[in-house]
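Fold and contact review
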Amino acid sequence: MLIQVAMTTRRRFLRVGLAGSAAAVLARSFAQERSAPLAPISSGTGPVIISTWDHGLPASVKALEVLGAGGSVLDAVEQGVMLVESDMSNRSVGLGGLPDRDGHVTLDACIQDHDCHAGSVAFLEHFEHPISIARAVMERTPHVMLVGEGAAQWALANGFNKRLVDIPEVTERWKQWLRTSDYTPGVNSENAPAGRGDALDHDTIGMLALDAEGRMAGSCTTSGLAFKVHGRVGDSPIIGAGLFVDGEVGGACATGTGELVMRTAGSHTVVELMRQGIGPQEACRQAVDRILRKHPGLVGQQVGFLALRKDGACGGHAIYNGFTYAHITADLQQMVDASYVRKWE
Ligand code: GLY
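Residues numbered from 1 in each chain as written. Predicted model: local features only at pLDDT ≥ 70, side-chain atom pairs only at ≥ 80, totals over all residues. Heavy atoms only, no water.

**Observations regarding the sheet that holds strand S12 (residues 314-320)**
Spatial ordering of the open sheet is given by S9-S10-S11-S12-S15, a layout of 5 strands whose pairing is mixed. Lying at the two open borders of the sheet, with one neighbouring strand each, are strand S9 (243-246) and strand S15 (339-342). Within this sheet the neighbouring strands show an average axis-to-axis angle of 10°, counted without direction. The pairing of strand S11 (residues 303-309) with S12 spans 5 bridges and is antiparallel. (Pairing = 2+ DSSP bridges. Helix = DSSP H or I, 4+ residues; strand = E, 2+ residues; numbered from the N terminus. Axes fitted to C-alpha atoms, helices over the stretch in contact; angles between N-to-C directions.)

This is the structure:
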């Protein structure tokens, strides 16, 4: 079913429903190694950008603009999600996110390029753009992942500044939560209106992009599960869980309860299924199915996967209804209601 919402002269905006179902030397040699592409470049049918939830639409439009202005696909997936990280009304991404149970907003992010190079930060406080720090870790260090205070010190030493924010609504919601300390998760709270206090907000913007030359990249950034145990890190900064990109095949990203995704290396699973010749939609479906098989009795926890294949084909699938994603090409902008296994009332 297609419902046209708006049309411009160049681009169509649609909503689509799918029924049912350190060392400088080390850093330098690392950069040199990376200058030779490892994966063959496909003929490419890009640009194509897909991104989780309703906040994925402006982020994906931004990513397309970056590509149109001559930016790389890595620039596109970084700058696209930066838009959401800067939105202080977003309660699941960036410094406007809900805190952990001790009142700290801790951020997780990762980025990966066509040739599987990756950077990641986790358990990071007081930086507006964890995705940019993740990219800097990838490009300026021989490492993949920095966490916590070490990540913060490295970021400060590498030109990133702290930003302190005080959002009274967030403090109020934390105080309210402390009265019950109830960890019952909420399905699709990512798309809940600001101020809603009846579910544990979580999640994430994941983005996958393919440029006109057939090069791919992905990004993922989140404040994680609201009121989580201090120190908890979810799937979003874990390469292979919240995000996996291999330009030989395609990319995948995840949203929802991170523990379910981490236990099954969800995004890696999706990409490896595509490597076997399974289409992106079916690969997402099989990854969701694996989570459900491994967690009999699971109720009320959402996971959604997105997949983008190197030829531009894409898909998404979730445990519950309500998972939306943006799908953007040069002449099409659409929000898609992902297919799902179960109905959440
Ligand atoms: N998927 C985000 C998290 O669980 O932290």
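**Brief notes about the confidence of the model for the chain**
Reading fine detail from the predicted coordinates is not recommended where pLDDT is low. Summarising the model, the chain shows a mean pLDDT of 87, and 81% of its residues fall at 70 or more. Predicted confidence is poor over residues 1-11, with pLDDT under 50, and the contacts of this stretch with residues over four places away or in other chains come to 20 contacts. Predicted confidence for residues 18-43 stays below pLDDT 50, and this span has 39 contacts to residues more than four positions away or in other chains. (pLDDT = per-residue confidence, 0-100. Contact = heavy atoms within 4.5 Å.)

**Focus on helix H4 (residues 130-140)**
Along H4, 9 of the 11 residues are buried, which leaves the element largely enclosed by surrounding structure. Along H4, the residues classified as buried are Pro130, Ile131, Ser132, Ile133, Ala134, Arg135, Ala136, Val137 and Met138. (Buried < 20%, exposed > 50% of the residue type's maximum accessible area, 1.4 Å probe, protein only.)

**Observations regarding the site of the ligand**
Every residue lining the ligand is accounted for by Asp203, Thr204, Gly224, Leu225, Arg232, Gly234, Asp235, Ser236, Gly256 and Gly258. Interatomic distance of 3.3 Å between a side-chain N/O atom of threonine 204 and a nitrogen atom of the ligand. Separating a nitrogen atom of the ligand from a side-chain N or O atom of aspartate 235 is a distance of 2.7 Å. Residue composition of the shell around the ligand, by class: 1 nonpolar, 6 polar and 3 charged. (Near = heavy atom within 4 Å. Polar contact = N/O pair within 3.5 Å; in protein donor to acceptor, adjacent residues only side chain to side chain. Nonpolar A, V, L, I, M, F, W, Y, C, P; charged D, E, K, R; others polar.)

**What about the side chain of aspartate 100?**
Residue placement: aspartate 100 occurs in the loop between helix H3 (73-85) and strand S4 (107-113). Lysine 228 is the oppositely charged side chain nearest to the buried, salt-bridge-free aspartate 100, at an N-O distance of 6.4 Å. Looking at aspartate 100, its side chain comes within polar contact range of the main-chain nitrogen of aspartate 102, at 2.9 Å. Non-local contacts of aspartate 100, meaning those with residues more than four positions away in its chain, are made with Thr106, Trp174, Phe227, Lys228 and His230. (Lys, Arg positive; Asp, Glu negative; His and termini not counted. Salt bridge = Lys/Arg side-chain N within 4 Å of Asp/Glu carboxyl O.)

**Some remarks on the packing of aromatic side chains**
Across all of its chains, the model carries 4 aromatic pairs by this definition. The interplanar angle of 70° and the centroid separation of 5.0 Å between the aromatic rings of tryptophan 53 and phenylalanine 323 together place this pair among those described as edge-to-face. Within this pair, whereas tryptophan 53 is found in the loop between strand S3 (48-52) and helix H2 (56-68), its partner phenylalanine 323 is found in the loop between S12 and strand S13 (324-329), the two being separated by 270 residues in sequence. You can call tryptophan 53 buried: its relative accessible area is 0%. Ring geometry for tryptophan 177 versus phenylalanine 227: centroids 4.8 Å apart, planes at 15°, classification stacked. Remark: phenylalanine 227 occurs in the loop between strand S8 (216-222) and S9 and tryptophan 177 occurs in helix H6 (residues 168-180); sequence separation between them is 50 residues. There is no split in this pair, since tryptophan 177 and phenylalanine 227 are both buried. (Phe/Tyr/Trp six-rings, centres within 6.5 Å; stacked < 30°, edge-to-face > 60°.)

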